[in-house]
Amino acid sequence: MSINDIPVIAIDGPSASGKGTVAQRVAVELGFHYLDSGALYRLVALSAMRMEIDFEDELALSDIATRLDVIFEDAGIRLGNEDVTDAIRAEACSNAASRIAAYPRVRAALLERQRAFQQFPGLVADGRDMGSVVFPDAALKIFLTASAETRAQRRYKQLMEKGIDANIATLLQDIRERDARDSSRSVAPLQQGAGASLLDTTSLDIGQAVDGVLRRYAEICAKKCL
Ligand code: DC
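Along each chain, the written sequence defines residue order, and numbers are assigned to residues from 1. Given that this is a predicted model, residues contribute local features only at a pLDDT of at least 70 and side-chain atom pairs are listed and counted only at 80 or more, while totals for whole chains, interfaces and linings are drawn from all residues. Computation of side-chain values: all heavy atoms of the structure, hydrogens and water removed.

### Focus: helix 3 (residues 58-67)
For step 1, the next point in the chain: Any residue under 20% of the maximum accessible area for its type is buried, any over 50% is exposed, and the rest in between are partly exposed; the area is computed with a 1.4 Å probe on protein chains only. Secondary structure counts use DSSP, requiring at least four H or I residues in a row for a helix and at least two E residues in a row for a strand, with both numbered from the N terminus. Taken together, the buried positions of helix 3 are occupied by Leu-61, Ser-62, Ile-64 and Ala-65. Each buried residue of helix 3 sits inside an arc of 150° when the element is viewed along its axis, so together they form one side. Summarising the geometry of helix 3, the exposed residues directed more than 90 degrees from the buried face are Leu-59, Thr-66 and Arg-67.
For step 2, the next point in the chain: Buried residues along helix 3 sit in contact with helix 2 (37-50), helix 4 (91-100) and helix 5 (104-115). As used here, the arc belongs to the directions running from the helix axis to the C-beta atoms. Residue contacts follow a heavy-atom distance rule, with two residues in contact if any of their heavy atoms lie within 4.5 Å.

Written out as structure tokens, the structure is:
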């Protein structure tokens, strides 16, 4: 079996759209591997912040991306010996990740690392450029989104549940700024690519969104068997 026979479901979309949760559940349902590509950008951002690297220094940032000593475990994400599962989710890290993700060298440095996740029996990959750049031959490409207001409310609820204080107006502003930055960059911008199927979850719960992806994948598998 060649690598091209291993199916990939690419789920791209904006911040706080719920794509991470949906992608993970789809992976569990199908028994597939899961790639959280945003975590890689967050890990580079966290390392750079800790090393006090200048965020204008693309070379130094891409060097960090190349050397990233990361292990994805079921229970969380380890950077070296440290569990950084929560640290990479902090708002400061989200904003820094969005900034460094605009650098072509950083993106190039993370490319092969992401492709290495394509392993038997299949992969569900979530991010911004999974279907357009990293896995252009993905069996199924989904663009999963929701209105900015809905995403801000979901993020607010998540933070409250974790006991983290938050302001919904600030979250909405952050989401809009990040969307603008992720969509307007010249390399691999956030957009619904050719061949991607739109899944708007504004009025869907997680279960319905997961079913939406699984149904589309089942349709593709059925067509292949015809
Ligand atoms: O999905 P996320 O919120 O964890 O992603 C963090 C940042 O990384 C986000 O601002 C955009 C960037 N990103 C990217 O540019 N390409 C990806 N494939 C994944 C994330």
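After that view, the rundown keeps rolling.
### Things to note about helix 1 (residues 19-30)
Side chains three or four residues apart in an α-helix point the same way, a direct result of the helix having 3.6 residues per turn.
For step 1, the next point in the chain: Helix span is expected to be 1.5 Å times the residue number reduced by one. Given a rise of 1.5 Å per residue, 12 residues ought to cover 16 Å, and the 16 Å separating the end C-alpha atoms of helix 1 matches this to within 8%.
For step 2, the next point in the chain: Within the span of helix 1, buried status applies to Lys-19, Val-22, Ala-23, Val-26 and Ala-27. Projected down its long axis, helix 1 carries its buried residues within an arc of 135°, all on one side. More than 90 degrees from the buried face of helix 1, the exposed residues found are Val-28 and Glu-29.
For step 3, the next point in the chain: Directly beyond the C-terminal end of helix 1, a positive phi value near 70° is found at Gly-31.

### Some details on the site of the ligand
For step 1, the next point in the chain: Taken together, 17 residues lie near the ligand, and Arg-42, Arg-107, Arg-128, Asp-129 and Arg-185 sit nearest.
For step 2, the next point in the chain: For the ligand, a nitrogen atom lies 3.0 Å from a polar atom in the side chain of Ser-37.
For step 3, the next point in the chain: All accessible areas in this document rest on Shrake-Rupley with a 1.4 Å probe, and a residue is counted as covered only by the protein chains that are shown. For the ligand, whose accessible area on its own is 440 Å², the fraction buried by protein is 96%.
For step 4, the next point in the chain: Of all the secondary structure elements, the ones that give two or more residues to the shell around the ligand are helix 2, helix 4 and helix 8 (168-184).
For step 5, the next point in the chain: Of all the elements, helix 2 adds the most residues to the shell around the ligand, at four residues.
For step 6, the next point in the chain: Looking at the shell around the ligand residue by residue, the classes come out as four nonpolar, four polar and nine charged. Note on definitions. A residue lies near a molecule or strand when any single heavy atom of the residue is within 4 Å of it. Any pair of N or O atoms that falls within 3.5 Å is considered a polar contact. Within protein, one atom must be able to donate a hydrogen and the other to accept it, and sequence-neighbouring residues count only if both atoms are side-chain atoms. Just so you know the grouping, Ala, Val, Leu, Ile, Met, Phe, Trp, Tyr, Cys and Pro go in nonpolar, Asp, Glu, Lys and Arg go in charged, and all remaining residues, Gly too, go in polar.

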